[in-house]
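Here's the letter readout for the chains.
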Amino acid sequence: EPGLTGNQTRAWVGSLLALLAEAYAQDLIPRCEALREALNAAGVTLTPRLLHGWSRLYYRRGRYGLSLRDVALGIQGMARSDPDLQTTDFLGHLLDLAIDLNLPAPARTLAVELDDILAHQHQAGADWQRHKLRDRQARIALRTGELRQALTHFRLKRDEAINRFERDGVRELAWLLYVSAWLPDAGPGERGEMSQWLDEARAALAAQPDLGAVGAGNYDVLYLLRACAAYGWRQGDRGALDLVLACQEPLRQRLFAVNQDPGPPGFCFAFLHLAARAGSLPGPLGLPAWEEIRTAMADHRYFFELASLAHLLGRAADAREYLDRFQAQRRLPAGVGFPDWFLAGVLNQWDQLCAGRAAFERQVLGGSGGVDVDGLAAGGLLPL
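Residues numbered from 1 in each chain as written. Predicted model: local features only at pLDDT ≥ 70, side-chain atom pairs only at ≥ 80, totals over all residues. Heavy atoms only, no water.

Q: Would you mind going over the nonpolar core with me for this structure?
A: As a rule of thumb, soluble globular proteins bury nonpolar side chains together. By size, the foremost hydrophobic cluster in this structure holds 113 residues, and its most contacted members are W182, F271 and F338. With 11 residues, the single largest contributor to this core is helix α11 (residues 220-235). L35, L39, L50 and L57 belong to the second-largest nonpolar core, a separate cluster that totals 13 residues. (Core = buried A, V, L, I, M, F, W, Y, C linked by side-chain atoms within 4.5 Å. Buried < 20%, exposed > 50% of the residue type's maximum accessible area, 1.4 Å probe, protein only. Helix = DSSP H or I, 4+ residues; strand = E, 2+ residues; numbered from the N terminus.)

Q: Even after reading the chapter, I still don't get the pattern of salt bridges, so can you show me in this structure?
A: One side chain can pair with another of opposite charge once the charged atoms of both are near each other. Applying the stated rule across the entire model yields 26 salt bridges. Residues R164 and D127 are paired through a salt bridge, measuring 2.7 Å at the closest nitrogen-oxygen approach. A residue pair is termed long-range when its members are at least 10 positions apart, and R164 in the loop between α8 (147-163) and α9 (170-181) and D127 in helix α7 (residues 126-143) qualify at 37 residues. Residue D127 is classed as partly exposed on the basis of its relative accessible area of 32%. Among the ionic pairs, E291 bridges to R294, the shortest N-O distance being 3.1 Å. Placement of the pair is E291 and R294 together in helix α15 (residues 290-299), with a separation of three residues, close to one helical turn. (Salt bridge = Lys/Arg side-chain N within 4 Å of Asp/Glu carboxyl O.)

Q: What is the right way to look at empty space enclosed by the protein in this model?
A: Picture a little ball the size of a water molecule; that probe, rolled over the atoms, points out where space is still empty. Here the structure, examined in full by the defined rule, presents two cavities of 30 Å³ or more. Approximately 50 Å³ is the volume found for the largest cavity. Taken together, L68, L94, L97, A98, L101, L103, P106, F338, L347 and W350 make up the lining of the largest cavity. Here the element with the most residues in the lining of the largest cavity is helix α5 (residues 88-100); it accounts for three residues. Its residues assigned to classes, the lining of the largest cavity shows 10 nonpolar, no polar and no charged. Estimated volume of the second largest cavity: approximately 40 Å³. Looking at the second largest cavity, the residues that line it are L151, R155, S180, L183, E190, E193, M194 and W197. Listing elements by their share of the lining of the second largest cavity, those giving two or more residues are α8 and α10 (188-207). In terms of residue count, α10 provides more of the lining of the second largest cavity than any other element does, four residues in total. For the lining of the second largest cavity, the per-class residue count stands at four nonpolar, one polar and three charged. (1 Å grid on protein atoms, 1.4 Å probe; cavity = no way out; pocket = protein on both sides within 12 Å on 5 of 7 lines; lining within 4 Å. Points joined across faces, edges and corners; volume = space filled by probe spheres on them. Nonpolar A, V, L, I, M, F, W, Y, C, P; charged D, E, K, R; others polar.)

Q: Mind showing me how you'd approach α5 here?
A: For the α-helix, the turn length of 3.6 residues means that residues three or four positions removed from each other point alike. The terminal C-alpha atoms of α5 lie 18 Å apart, and with 13 residues this matches the ideal 18 Å at 1.5 Å per residue to within 8%. Counting buried positions along α5 yields 12 of 13 residues, so the element is predominantly enclosed. Residues T88, F90, L91, G92, H93, L94, L95, D96, L97, A98, I99 and D100 constitute the buried set of α5. Within two residues after α5, N102 carries a phi angle of roughly 55 degrees, on the positive side. (Expected span 1.5 Å × (residues − 1).)

Q: Even after reading the chapter, I still don't get α8, so can you show me in this structure?
A: Here α8 contains 17 residues, and its C-alpha end-to-end distance of 24 Å stays within 8% of the 24 Å for a straight helix at 1.5 Å per residue. Those residues of α8 lying buried are L147, A150, L151, H153, F154, K157, R158, E160 and A161. Packing partners of the buried residues in α8 comprise α7, α9, α10 and α19 (373-378). (Contact = heavy atoms within 4.5 Å.)

Q: Honestly, unusual backbone geometry in this entry has me stumped. Any pointers?
A: Here E166, not a glycine, exhibits a phi torsion of approximately 55 degrees, which is positive. With respect to the secondary-structure elements, E166 resides in the loop between α8 and α9. Since its relative accessible area comes to 75%, E166 is described here as exposed. The backbone phi angle of A344 is positive, close to 55 degrees, even though this residue is not glycine. Mapped onto the fold, A344 is located in the loop between α17 (316-328) and α18 (350-365). Given the relative accessible area of 76%, A344 is considered exposed.

Q: So what exactly am I meant to see when it comes to the packing of α7 against α8 here?
A: Between α7 and α8, the least distance of the axes is 8 Å, while the angle of their chain directions is 165 degrees. The pairing of α7 with α8 is recorded here as roughly antiparallel in orientation. At the point where α7 passes α8, the crossing takes the left-handed sense. In contact with H131, R134, D135, Q137, A138, A141 and L142 of α7, α8 contributes L147, Q149, A150, H153, F154, L156, K157, E160 and A161. Split into classes, the residues belonging to the contact of α7 with α8 amount to eight nonpolar, four polar and four charged. (Axes fitted to C-alpha atoms, helices over the stretch in contact; angles between N-to-C directions. Parallel < 35°, antiparallel > 145°, perpendicular 65-115°, else oblique. Left-handed = near helix turned anticlockwise from the far one by under 90°.)

Q: Even after reading the chapter, I still don't get a nonpolar patch on the surface, so can you show me in this structure?
A: A cluster of nonpolar side chains, namely W12, V13 and L16, defines an oily patch on the protein surface of about 260 Å² accessible area. One can find L16 in helix α1 (residues 6-24). Taking relative accessible area as the criterion, L16 reaches 42% and is therefore assigned partly exposed. (Patch = residues over 30% accessible without salt bridge, like charges linked within 9 Å, V, L, I, M, F, W, Y side chains within 5 Å. Areas by Shrake-Rupley, 256 points an atom, 1.4 Å probe, with all protein chains shown as cover.)

Q: I'm lost on the side chain of E361 in this one. Help?
A: Turning to its location among the elements, E361 is positioned in helix α18. At a separation of 2.8 Å, a polar atom in the side chain of E361 contacts the side chain of Q327. Filtering out sequence-adjacent residues up to four positions away, E361 remains in contact with N102, F304, L323, F326, Q327, R330, G366 and L381. (Polar contact = N/O pair within 3.5 Å; in protein donor to acceptor, adjacent residues only side chain to side chain.)

Note that all results are geometric; they support no functional claim without further evidence.
See below:
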């Protein structure tokens, strides 16, 4: 743009690069972060639109505190009539943040707002955005303990993925199996459906590339294995657990690889430990120890997930440590917040909103009582 200084040009181009790196080239993220640090040191003022690009970069790296700060600063700098506030990209990003920060009440408000915006759109891409919203609605349902509601969203999304968007529906299948594993009182019909999903997962795994040959992305095979591990533990299904054990070595390699996401393999090994504790697997299995699992996952800031997994494993001190670290990510710097006019003031009492949720999390995850798996699910505190 005419009149831009060198640093302003770097900020504008860097924000676009951050968006592209977050979506398509995550190996470039460290370079983008270094550029942002240089812009901060130079005192460059970033516009709301530029802040959005940088926020997505931090979100991808699990640096939710910085991501939240940039979103809030951006909205503070906007007018109520700013067209960016009506874009699915902007609201969708804030919705993802609310879900990952375990704030289901504002997440639900944001989802309704986004749904209403999409209902009035007919341009290319709106159908795909509505399809993505189904996934977000399902995760909000999980954050409020509504497992069957989440299953309904994932059923609809899978049918749409296959029949409307000509996709294989494997990612949705993984979610269906994972969520159903936590049902506390599945009836005969639901158990039949769960068994069918496991059979489909087994067939899908057989058709997937060998895990050791896939790249650094979070391929569907990883989510299928995570679902099988959870299902095998919760349902005492040795066949489901054997599917995961067959991939134990490549899962181990991914857990300890610097350039790969340790989340899915960490989940798998944690659930295998729980299955062994429940007597569904014989020992010794040669699994990575909990200390190794939690160290690898903490390096990628999986704090809420680690708090939930530590609680399930009966490691109360670890659960409290990671819960504290997770809750710290919700804090906004002094003077930064959401204006009263945004979303009818749903977010303007940010500190109180977070404090209420934090107290509930500490009661369930940080207490010294026994492990109540069904209570964890009903409270919306499952590791996702």
